[in-house]
Amino acid sequence: MRYAWAGLALALLAACGPAQVNERRIANADSEPGNWMTHGRTYSEDRYSPLDAINTENVSELGLAWSYELREPRGAEATPIVVDGVMYVTSAWSIVYALDAASGRELWVYDPEVPHERGASACCDVVNRGVAVWNGRVYFGTIDGRLIALDARTGRRVWEEVTVDQSRPYTITGAPRAARGLIFIGNGGAEFGVRGYVSAYDAASGRLRWRFYTTPNPREIDDAASDSVRDRALATWNPDVGAWLESGGGGTAWDAIVFDPETDTLWIGVGNGAPWNREIRSPSIEGRNNDNLFLSSVVGVDPDTGEYKCHYQETPGETWDYTGTQPIILSTLTIGGAERRVLLHAPKNGFFYVIDRSNCGLISAGSIATQTWASGVDMATGRPIENAEARFVSRTAIVLPSPFGAHNWHPMSMSRQTGLVYIPVQEMAQDYTSDPAFVYRPGRWNTATVHAPLPEDRATRAAIRNSMQGFLLAWDPVNQREAWRVRLEAPWNGGTLATAGGLVFQGTLDGHFRAYNARTGERLWDYDNQAATMGGPVSYAIDGQQYVAALASYGTLFYLPAGFGIPNPPTEPQRGRVNVFRLGGTAQLPPRELVRLPVERPPTIRANAATLQRGAAVYTQFCMACHGFGAISGGVLPDLRRSASLQDAGVWAQTVHGARAANGMPDFTQWVSDGDAEAMRAYVAQEAMTLYAEQ
Ligand code: CA
């Protein structure tokens, strides 16, 4: 009899296939808390797990259940999706893995074989934040701009669509979302120069159903869903002059795309301008609005058609890389005695917004971090009260938040027990200077903003490092008030997970994975996860056993430009891992073996102060974003101070001029002369000498 039942169950499974996720099932996600079926677990994306077997009383007994080594080094930022015992997760280079969620056994791996030269178009490492699972298929975006559908059972490709103009520096790092039989996907690339948009593809056929552009087309009608707001958006840009006419203006939607079944809206978080510098992007005209819609906004569109519904612009006339792409949580709060359907948003600019989902009206804005660009938000107009000096038009401005943001892509979560939102927050300043020599270079770093090289002096460097602070912040969204905060050792930390066990989980840049009491912030558990733990942790259950999963990797944004903020990084790339925990878990991670090669004696290059200054400027313009401030690498991409090519002027120049293009090093022939390459070598050799003297 037992066998008969088992046979029937198998037959049913075969009939429906695995991963039969649909809109009804996600809308009722609370009825199956053992699964984590979509990016933020539910359509509200509050990242609250109703599971409570792991709780404040027993979390100290949490141990490793299993660990799986990803196939590629570099950053891992994915939120794992878990459906019916299978985990679907992504790594660097847009590789997808299906794993048995109870044991970690590999079921299949799909590598979309992204050409590695495309890595040079990724501002913030070749990361991927995860998949969407829908109707037996697994959907994901690739660094080179494709959207791919796989059979969830076999990992075989069902369809593939190129969603971008691949001759331009577009990337996809964000997770698709699924609803209404559609797959929603955005893109990135605003630092290099692209025009942002969100597309909806038919989940079954892969056919494009609609597209909403987040910046207007100055030349012609797009024949897209956004056409109805083209005139309105165009009225907020300089129609005749500005780099936006070439770059497309930016406004990429590279993370938050949230489906809201309650108001029948798709919420899009829109990114920064391209270039950053508004006066070069879209020069202001006396008496004309220059807000540059829909940069740094939350935009609501109809999920079926992409038709515009409403928007709220958080940073009008964005000029500091203040994206509004950060994760969005949908909630219903009692405010002033009335129930309000709201969305909660903590974009880079340092404010925490509560926005009315019925009309995009601003309900309140609180300050979650030190910010010097604005003193508050005028509730009468909904506009920030700006500090005019922060707009670096004619002089350098030191501004908080920096382009890293007060809060970045790392998911926040909200506990239904405490009503608090748990936000990874950082405070660091940035100097911004308008680039007087800016010319638009197609496909290259195009921010029209320059930054001072890292000061020579070690004490000043240490002071800068110490001034960068990271926090786990518990925020009361109703009263716009801090409940508690924990100062973290690292200035850049991971996403959060809240659970019905009264817990908040969070990873850190320096490799901790921790659990806190959600009410008090008391630290209850601390695991050495060995590497940066950045993505959103998830919780799921199989056969009554609750698990918590978190990815660890050497990579993500901080490892590229801000390597100087990483203590003692490895000099050789390391692979990432999926680490999964349960009560009483006794598995062990293999011992960490980080390679740290000594630096060779750098060459002596004769160069006067002007040449060194020129070298530093060229380095900052073309190399810093990947190889690090002050030529200090975080260990993900080559540390040029340790590069063999530093020893030889000819090899160095060839590398700058395309000899290693297949490895992902762009060809700078058009922009960097032999003389500039040599000046840069002198600058890097000087930095290498500092390192050599220290070791
Ligand atoms: Ca950006």
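Since this is a predicted model, take the numbers as computed values, not measurements.

Participant: Describe the coordination of the calcium ion, and please don't skip the residues or the numbers.
Facilitator: Where a metal carries four tetrahedral donors, each ideal angle is 109.5 degrees; where it carries six octahedral donors, the ideal angles are 90 or 180 degrees. Taken together, Glu-191 (OE), Glu-191 (OE), Asn-272 (OD1) and Asp-321 (OD) make up the protein donors of the calcium ion, found 2.4 to 2.9 Å from the metal. Each donor residue of the calcium ion lies on the same chain, and together they follow the pattern E-x80-N-x48-D. Of the two residues, Glu-191 is situated in the loop between β12 (182-185) and β13 (197-202) and Asn-272 in the loop between β16 (265-269) and α5 (278-281); the sequence distance between them amounts to 81 residues. Pair check on accessibility: Glu-191 and Asn-272 agree, each one buried.

Participant: Residue-level account of the sheet that holds strand β22 (residues 362-367), with values.
Facilitator: The strand order β19-β20-β21-β22 describes an open sheet built from four strands, whose pairing is antiparallel. Of all strands in the sheet, those bounded by a partner on one side alone are β19 (328-335) and β22. Within the sheet, the average angular offset between the axes of one strand and its neighbour, ignoring direction, is 30°. Bridge analysis of β19 against strand β20 (residues 338-345) gives eight bridges, and the strand direction is antiparallel. Residue pairing in the sheet places Ile-329 in a bridge with Leu-344 of β20.

Participant: Talk me through the packing of helix α9 (residues 649-659) against helix α10 (residues 674-694); I want residue IDs and the actual numbers.
Facilitator: Put simply, α9 and α10 touch, their axes get as near as 10 Å, and they point 115° apart. For the element pair α9 / α10, the angle class is roughly perpendicular. Our pair here, α9 against α10, has a crossing hand that is right-handed. Contacts between α9 and α10 pair Ala-649, Trp-652, Ala-653, Val-656 and His-657 from the former with Asp-674, Ala-677, Glu-678, Met-680, Arg-681 and Val-684 from the latter. Split by residue class, the contact of α9 with α10 holds seven nonpolar, one polar and three charged.

Participant: Summarise the state of the cysteines; cite the residues concerned and give the values.
Facilitator: The final tally for this structure, using the stated rule, is two disulfides. Disulfide pairing places Cys-123 opposite Cys-124 at an S-S distance of 2.1 Å. Between Cys-123 and Cys-124, the disulfide has an S-S torsion of -95° and is therefore left-handed. Given a relative accessible area of 21%, Cys-123 falls into the partly exposed group. The residue that forms a disulfide with Cys-310 is Cys-360, at a sulfur-sulfur distance of 2.1 Å. Between Cys-310 and Cys-360, the disulfide has an S-S torsion of 65° and is therefore right-handed. Of this pair, Cys-310 sits in strand β18 (residues 308-313) while Cys-360 sits in the loop between β21 (351-356) and β22; the two residues are 50 residues apart in sequence, bridging distant segments of the chain. On the basis of relative accessible area, Cys-310 is assigned to the buried category, the value being 11%.

Participant: Go over the environment of Glu-286 with me, naming the residues and quoting the values.
Facilitator: Among the secondary structure elements, Glu-286 is positioned in the loop between α5 and β17 (297-301). Remark: the alpha-carbon pair of Glu-286 and Tyr-139, spanning 147 residues in sequence, is separated by 47 Å.

Calculation criteria
Residues numbered from 1 in each chain as written. Predicted model: local features only at pLDDT ≥ 70, side-chain atom pairs only at ≥ 80, totals over all residues. Heavy atoms only, no water. Donors = N, O, S within 2.8 Å, 3.2 Å for Na, K, Ca; no water. Helix = DSSP H or I, 4+ residues; strand = E, 2+ residues; numbered from the N terminus. Buried < 20%, exposed > 50% of the residue type's maximum accessible area, 1.4 Å probe, protein only. Pairing = 2+ DSSP bridges. Axes fitted to C-alpha atoms, helices over the stretch in contact; angles between N-to-C directions. Parallel < 35°, antiparallel > 145°, perpendicular 65-115°, else oblique. Left-handed = near helix turned anticlockwise from the far one by under 90°. Contact = heavy atoms within 4.5 Å. Nonpolar A, V, L, I, M, F, W, Y, C, P; charged D, E, K, R; others polar. Disulfide = S-S within 2.5 Å.

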